[in-house]
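Results of the structural survey
So you can see what is in the structure, the chains are spelled out below.
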Amino acid sequence: FSLLPETYNKDKKTMFVVDDDRKFQKLLQYFFAKEYNVYCTDNGKDALQKVQLIKKPDIIICDILMPVMDGWAFFKKIREINKFQDIPFVFLTAKGARGDRIKGLKAGAVQYIAKPCDIEELEVAANSLISAFEMNRTKEKERTLRDLGEIIDRKRKADKSFESFDSKCDEV
């Protein structure tokens, strides 16, 4: 489990990388260090434990072929945990066959990128996915607030109607 401690910044977004290739982990840490706190781990089993020790990730990037617990199993298990269901999940893997890509997207990954990949393309994808998910969360919050406002207004009207009814009953 690694994060370059000298690069941690509470104001940065958090990227969680699950990949057994340590050189690739270091590459992602180096490349994304300006914009992200990049946490890396080697397999899905460790990832399930360690993802809960850090600030909730803004994005998870995961290989499929790993020892102990592969990316498919990790994806399934992480989606069973409520607080991680709304995080953009990207498969980044050497398993680039059409059937694998379709399987990943049907499972619910928002992106499936085959290795080797263009690191700048990964950066653009990560940034746009995070922005889209943040906009969606903002819209959901606004919708919830609007719905609560409508409920409060209906309750006030109902209370006034009840008060009016109650006072008429007192008159009788």
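Residues numbered from 1 in each chain as written. Predicted model: local features only at pLDDT ≥ 70, side-chain atom pairs only at ≥ 80, totals over all residues. Heavy atoms only, no water.

It is worth spelling out the sheet that holds strand E3 (residues 59-62) at this point. The strand order E2-E1-E3-E4-E5 describes an open sheet built from five strands, whose pairing is parallel. Since the sheet does not close on itself, it has two edges, and those belong to strand E2 (36-41) and strand E5 (111-114), each with one partner. Between one strand and the next, the sheet's axes are offset by a mean angle of 20 degrees, whatever the strand orientation. Contacts from helix H3 (residues 71-79) reach strand E1 (13-18), E3, strand E4 (89-93) and E5, with the element oriented near 175 degrees to E4. Contacts from helix H4 (residues 98-107) reach E4 and E5 within the one sheet, and its direction differs from that of E5 by about 155 degrees. (Pairing = 2+ DSSP bridges. Helix = DSSP H or I, 4+ residues; strand = E, 2+ residues; numbered from the N terminus. Axes fitted to C-alpha atoms, helices over the stretch in contact; angles between N-to-C directions. Contact = heavy atoms within 4.5 Å.)

What follows covers the side chain of Asp 42. Within the secondary structure, Asp 42 sits in the loop between E2 and helix H2 (44-50). Polar contacts involving the side chain of Asp 42 include one to the side chain of Arg 22, which spans 2.3 Å. Of note is the side chain of Asp 42, whose polar atom sits 2.9 Å from the side chain of Gln 25. (Polar contact = N/O pair within 3.5 Å; in protein donor to acceptor, adjacent residues only side chain to side chain.)

Mapped onto the fold, Asp 19 is located in the loop between E1 and helix H1 (22-32). Exposure remark for Asp 19: the relative accessible area of 2% places this residue in the buried category. A distance of 2.8 Å separates the side chain of Asp 19 from the backbone nitrogen of Asp 21, its partner in a polar contact. Of note is the side chain of Asp 19, whose polar atom sits 2.5 Å from the side chain of Lys 115. Apart from residues lying up to four places away in sequence, Asp 19 is in contact with Phe 24, Gln 25, Thr 41, Asp 42, Asp 63, Met 66, Leu 92 and Lys 115. (Buried < 20%, exposed > 50% of the residue type's maximum accessible area, 1.4 Å probe, protein only.)

A complete count under the given rule lists eight aromatic pairs for this structure. When the centroid spacing of 5.9 Å and the interplanar angle of 55 degrees are considered together, the rings of Phe 91 and Tyr 112 count as tilted. Taken as a pair, Phe 91 in strand E4 and Tyr 112 in strand E5 lie far apart in primary sequence, 21 residues in all. Exposure class is identical for Phe 91 and Tyr 112. Each is buried. An aromatic cluster is present here, built from Trp 72, Phe 74, Phe 75, Phe 89, Phe 91 and Tyr 112 joined pairwise through their rings. In this structure, Lys 103 packs its charged tip against the face of Trp 72, placed 4.3 Å from the ring centre. Directly above the ring of Phe 24 sits Lys 115, whose terminal nitrogen or CZ lies 4.6 Å from the centroid. (Phe/Tyr/Trp six-rings, centres within 6.5 Å; stacked < 30°, edge-to-face > 60°. Lys NZ or Arg CZ within 6 Å of the ring centre and 35° of its normal.)

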